[in-house]
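Close look at the chain arrangement
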Amino acid sequence: KGQTKSFFNSLFLNDINDVIKKWQENSAGISRSLQQYLASASPEQRKDLADNNVLRKCVSPQLMAPARWPCAGDYPLAINQQAAVNLALSQTTGIFSVNGPPGTGKTTLLNDIISNIIVKRACVIASLDLPAHAFEEPIEEIVNGKRYTIWKPKPMLQGYEIVIASNNNNAVENISRE
């Protein structure tokens, strides 16, 4: 009763403060994607898929992704969707955005991007002699009196992470559900 609550509170407030502190100490220790996001920097290149020459290059057979999200009906992606998938998968770091009005297939193309990331990581795992070779030595952590063993993936299995954000949660919810 005697405590005052902060007007600004969030489950992520400590994380946000940690990122700000790390940014101020050494921005080189922050990923390129986060730097790009925090600095509100414009992307180095934009692709206008309304330009037929750009579109042709983006759907070149050399860029075709090896995986597709399993779905009923097996409908292929529309050409602009395929171009967006190819562009996203050819980009190795940074922020990639997909914009479009409701019902234009953003969730469908995001599913294909996710399936390709899963396949790329699975190929690395499949190249290992033993499953145990995927992990560093385990570390022990005690949280609230309970002991946990944590197996950190080796660097070769890191870097396949993605964050999907939306101004409404429909696409994110659909992807999570599937």
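Residues numbered from 1 in each chain as written. Predicted model: local features only at pLDDT ≥ 70, side-chain atom pairs only at ≥ 80, totals over all residues. Heavy atoms only, no water.

1. Considerations on the pattern of salt bridges
Under the criterion given, the structure shown has one salt bridge. Asp-112 is the partner of Arg-68 in a salt bridge, and the nearest nitrogen-oxygen pair spans 3.0 Å. Here the residue Arg-68 occupies a position in the loop between helix H3 (52–58) and helix H4 (79–90), and Asp-112 occupies one in helix H5 (residues 106–126), the gap between them amounting to 44 residues. By relative accessible area, which is 33% here, Arg-68 ends up partly exposed. (Salt bridge = Lys/Arg side-chain N within 4 Å of Asp/Glu carboxyl O. Helix = DSSP H or I, 4+ residues; strand = E, 2+ residues; numbered from the N terminus. Buried < 20%, exposed > 50% of the residue type's maximum accessible area, 1.4 Å probe, protein only.)

2. So, the packing of aromatic side chains
One pass over the full model with this rule turns up one aromatic pair. When the ring of Phe-135 is compared with that of Trp-151, the centres are 6.3 Å apart and the planes differ by 75°; the resulting orientation is edge-to-face. With Phe-135 in the loop between H5 and strand E1 (139–143) and Trp-151 in the loop between strand E2 (146–150) and helix H6 (170–177), the pair connects residues that are 16 residues apart, well separated along the chain. Take Phe-135: its relative accessible area is 34%, and that puts it in the partly exposed class. (Phe/Tyr/Trp six-rings, centres within 6.5 Å; stacked < 30°, edge-to-face > 60°.)

3. A word on the pairing of E1
Of the pairings in the sheet, the one linking E1 to E2 comprises five bridges and is antiparallel in character. When the sheet's bridge partners are listed, Glu-141 is paired in E2 with Tyr-148. Linking E1 to E2, which pair antiparallel, is a turn of two residues; within it Asn-144 sits at a positive phi near 50°. (Pairing = 2+ DSSP bridges.)

4. Here we look at the nonpolar core
Listed in full, the twelve residues of the largest apolar core are Trp-69, Leu-77, Ala-84, Val-85, Ala-88, Leu-89, Leu-109, Leu-110, Ile-113, Ile-114, Ile-117 and Ile-175. Breaking this core down by element, the ones donating at least two residues are H4 and H5. Looking at this core element by element, the count peaks at five residues for H5. When neighbours within four sequence positions are excluded, Ile-113 is seen to be in contact with Val-85, Ala-88 and Leu-89. (Core = buried A, V, L, I, M, F, W, Y, C linked by side-chain atoms within 4.5 Å. Contact = heavy atoms within 4.5 Å.)

5. Quick notes on the side chain of Asn-111
Its location among the elements puts Asn-111 in helix H5. Judged by its relative accessible area of 4%, Asn-111 is buried. Excluding its chain neighbours within four sequence positions, the residues that come into contact with Asn-111 are Trp-69, Ile-175 and Glu-178.

6. As for a nonpolar patch on the surface
Together, Ile-139, Val-143, Tyr-148 and Ile-150 make up an exposed nonpolar region whose accessible area comes to about 330 Å². Contributing elements (two or more residues each) for the nonpolar patch: E1 and E2. Inspection of the secondary structure assignment puts Ile-150 in strand E2. (Patch = residues over 30% accessible without salt bridge, like charges linked within 9 Å, V, L, I, M, F, W, Y side chains within 5 Å. Areas by Shrake-Rupley, 256 points an atom, 1.4 Å probe, with all protein chains shown as cover.)

7. Describing the packing of H4 against H5
Two elements in contact, H4 and H5, have axes whose closest approach is 9 Å; the angle formed by their N-to-C orientations is 35°. Helix-helix and strand crossings are classified by hand; for H4 and H5 the assignment is right-handed. Contacts between H4 and H5 involve Gln-81, Ala-84, Val-85, Ala-88 and Leu-89 on the former and, on the latter, Thr-108, Leu-109, Asp-112, Ile-113, Asn-116, Ile-117 and Lys-120. Of the residues contributing to the contact of H4 with H5, the split by class is seven nonpolar, three polar and two charged. (Axes fitted to C-alpha atoms, helices over the stretch in contact; angles between N-to-C directions. Left-handed = near helix turned anticlockwise from the far one by under 90°. Nonpolar A, V, L, I, M, F, W, Y, C, P; charged D, E, K, R; others polar.)

8. Let's talk about the environment of Ala-50
Checked against the element boundaries, Ala-50 lands in the loop between helix H2 (32–38) and H3. Note: C-alpha distance between Ala-50 and Asn-80 (30 residues apart in sequence) is 8.9 Å.

Remember, this is a structural readout, not a statement about activity or role.
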